[in-house]
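Summary of the model geometry
Now for the letters of each chain:
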Amino acid sequence: MIKTLFAAAAASLLAAGAASAQTAPAPAPAPAHDHHAADHQAAHPTIDSTIEALVADPATKAVLDKHLPGIDRHPAYAQFKGMTLRQVAPFSQGNITDAKITAIDTDLKAIPAA
């Protein structure tokens, strides 16, 4: 399942090249008044972080392993690790759905600050 999860993403990334990465919009900054969210963002990557950042943090990697086991061992990992889950979702052949992203986001937000 994981092999097919990103097969389309890898093909698309190879075809699109680096130019598409340069045109991706930057994520919106966190509201200044939301201190809890700002504290959490400083402690752990969020749903808007790259997959590579989520995998690098042991607490957030555990969340990814729960919902997308083996994502960091996928053959095309090097091609999509710099993308967010939302960016990869359209290429995942339906394996990364809005519902799954919401579930991952909920679990990420539940991680206590370090």
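This report concerns the structure included in the present document. As a convention, each chain's residues are numbered from 1 in the sequence order in which they are written. For a predicted model such as this one, the threshold for reporting local features is a pLDDT of at least 70, and the threshold for listing and counting side-chain atom pairs is 80 or more; totals across whole chains, interfaces and linings nevertheless cover every residue. Water and hydrogen atoms play no part in the side-chain values, which are based on all heavy atoms of the structure.

Another point: the packing of aromatic side chains. Here a Phe, Tyr or Trp ring, Trp counted by its six-membered ring, pairs with any other such ring whose centre lies within 6.5 Å, and the pair is stacked when the planes are under 30 degrees apart, edge-to-face when over 60, and tilted otherwise. Applying the stated rule across the entire model yields 1 aromatic pair. Between the aromatic rings of Y77 and F80, the centroid separation amounts to 5.7 Å while the plane-to-plane angle is 90 degrees, which identifies the pairing as edge-to-face. Separated by 3 residues within a single helix, Y77 and F80 lie in helix 7 (residues 77-80), roughly one turn from each other. A run of DSSP states H or I qualifies as a helix once it reaches four residues; a run of E qualifies as a strand once it reaches two. Both are numbered from the N-terminal end.

Moving on, we come to the packing of helix 6 (residues 58-67) against helix 9 (residues 98-109). Packing of helix 6 against helix 9 brings their axes to within 10 Å, and their N-to-C directions diverge by 150 degrees. One finds that helix 6 runs roughly antiparallel with respect to helix 9. Crossing of helix 6 against helix 9: the hand is right-handed. Mapping the contact onto sequence places T60, V63, L64, K66 and H67 in helix 6 and K100, A103, I104, D107 and L108 in helix 9. Any residue outside Ala, Val, Leu, Ile, Met, Phe, Trp, Tyr, Cys, Pro, Asp, Glu, Lys and Arg is labelled polar, Gly included; the first ten of those are nonpolar and the last four are charged. Per-class residue counts for the contact of helix 6 with helix 9 are 5 nonpolar, 2 polar and 3 charged. In this analysis an axis means a line fitted to C-alpha atoms, helices contributing only their contacting stretch, and an angle means the value between N-to-C directions, from 0 to 180 degrees. Reported orientations rely on four angle classes, namely roughly parallel under 35 degrees, roughly antiparallel over 145, roughly perpendicular from 65 to 115, and oblique for the rest. The hand of a helix crossing depends on one turn: near helix anticlockwise from the far one by less than a right angle means left-handed, and clockwise means right-handed. In what follows, residue pairs with any heavy atoms lying within 4.5 Å of each other are defined as contacts.

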